[in-house]
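Coordinate analysis (summary)
The chain contents come next:
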Amino acid sequence: MDWLRLLFWLGPWSDQEKSPQKIEKEILPLENRFDLWIYNHPKRNLGTIFVIPGLHPEGPADIRLDRFCRVLANSGMRVGVPSLPTMRDVVMSRAILEDTKHAFQVFLEKTGEEKIGIFSISAASIAGFSLAVDLILSKRISFLHSFGGF
C-alpha cells in the first residue's frame, strides 16, 4: 500500500468531495440477491482488502464508502465490498454471516490471492469476526481490522 497516497486522500487537507479518478470498478451480481463491487487501480496492485460495510441503506453506492474504496484502490489495494442486503435494509439478521462468507469466497476466487485483509465497519464487524473464526477461511485472512465495531 502506498501510504503517502492514502494519507493525501484521507487527511484533513483533502477535499472530501473529490476522489481518485483513474480507478476501475466492476460490479459482480451474486445469486441475483446482492452485488460485489471490486475497485482496482489499473497500474498499481500492492495488496487486496475485503471491506464489509455497516448498516447503511445505500451500501457501497454511498458516496462516502465509494470514495473510501477508491482511495484504497488508488493506494494500490484491490478492494472488494459486498452490497449486503441486511446492511442495506438496516436490519441485523443471521443472513449477514452467510452473505458475507459467500461474497468473501467469490472475492478470493476472483483475485486468486492466497490471503487477503478484512476491514469491517460498525455493525458488520460481526461478519468479519465470523470469517476470522471460520476453520477454513481464517487461513485465507492476512489481517482483520474492525472500525467502530459493536
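A brief report on the enclosed structure follows.

1. A word on the overall build of the protein chain
Along the backbone of the protein chain there are five helices and six strands. Traced from its N-terminal end to its C-terminal end, the protein chain shows the element sequence α-β-β-β-α-β-α-α-β-α-β. Taken over 150 residues, the protein chain has a buried fraction of 50%. Across the protein chain, contacts joining residues at least 24 apart in sequence account for 73% of those joining residues at least 6 apart. Accessible area of the protein chain: about 8,000 Å², with a carbon and sulfur share of 58%.

2. Describing helix 2 (residues 63–74)
Between its first and last C-alpha atoms helix 2 spans 16 Å; for 12 residues at 1.5 Å apiece the expected length is 16 Å, and the two agree. Burial analysis of helix 2 places 10 of its 12 residues in the buried class, which makes it a mostly covered element. Along helix 2, the positions that sit buried rather than exposed are Leu 65, Asp 66, Arg 67, Phe 68, Cys 69, Arg 70, Val 71, Leu 72, Ala 73 and Asn 74. For helix 2, the side-chain oxygen to backbone nitrogen distance between the N-cap and Arg 64 is 2.8 Å, and the N-cap itself is Asp 62. Downstream of helix 2 by one or two residues, Gly 76 has phi in the positive range, about 110°.

3. Concerning the environment of Arg 64
Within the secondary structure, Arg 64 is located in helix 2. Assessed through its relative accessible area of 56%, Arg 64 is described here as exposed. As for Arg 64 and Glu 17, which are separated by 47 residues in sequence, their C-alpha atoms are 8.9 Å apart.

4. Regarding the nonpolar core
Counting 22 residues, the largest nonpolar core has Leu 36, Phe 50, Ile 52, Phe 104, Ile 118 and Leu 131 as the members making the most contacts within it. Among the elements that line this core, the one with the most residues is helix 4 (residues 95–111), at six residues. For Leu 36, the residues in contact, after removing those within four places along its chain, are Glu 26, Ile 27, Leu 28, Leu 30, Phe 50, Gly 80, Val 81, Pro 82, Ala 103, Val 106 and Phe 107.

5. What about unusual backbone geometry?
Positive phi, normally seen in glycine, also occurs at Val 90, with a value near 55°. Within the fold, Val 90 resides in the loop between helix 3 (85–88) and helix 4. If you check the backbone angles, Ser 122 has positive phi at about 50° while not being a glycine. Mapped onto the elements of the fold, Ser 122 is located in the loop between strand 5 (116–121) and helix 5 (125–133).

6. Overview of the sheet that holds strand 5
Pairing within the open sheet is mixed, and its six strands lie in the order 1-2-4-3-5-6. Here the strands that pair on one side only, and so sit at the sheet edges, are strand 1 (24–30) and strand 6 (141–147). Averaged over all pairs of adjacent strands, the angle between their axes in this sheet comes to 20°, without regard to strand direction. Of the pairings in the sheet, the one linking strand 3 (residues 47–52) to strand 4 (residues 77–82) comprises four bridges and is parallel in character. Bridge pairing in strand 4 links Ile 49 to Val 79. Packing of helix 2 onto the sheet brings it into contact with strand 1, strand 2 (34–40), strand 3, strand 4 and strand 5, and relative to strand 4 it is tilted by some 155°.

Parameters at a glance
Residues numbered from 1 in each chain as written. Predicted model: local features only at pLDDT ≥ 70, side-chain atom pairs only at ≥ 80, totals over all residues. Heavy atoms only, no water. Helix = DSSP H or I, 4+ residues; strand = E, 2+ residues; numbered from the N terminus. Buried < 20%, exposed > 50% of the residue type's maximum accessible area, 1.4 Å probe, protein only. Contact = heavy atoms within 4.5 Å. Areas by Shrake-Rupley, 256 points an atom, 1.4 Å probe, with all protein chains shown as cover. Expected span 1.5 Å × (residues − 1). Polar contact = N/O pair within 3.5 Å; in protein donor to acceptor, adjacent residues only side chain to side chain. Core = buried A, V, L, I, M, F, W, Y, C linked by side-chain atoms within 4.5 Å. Pairing = 2+ DSSP bridges. Axes fitted to C-alpha atoms, helices over the stretch in contact; angles between N-to-C directions.

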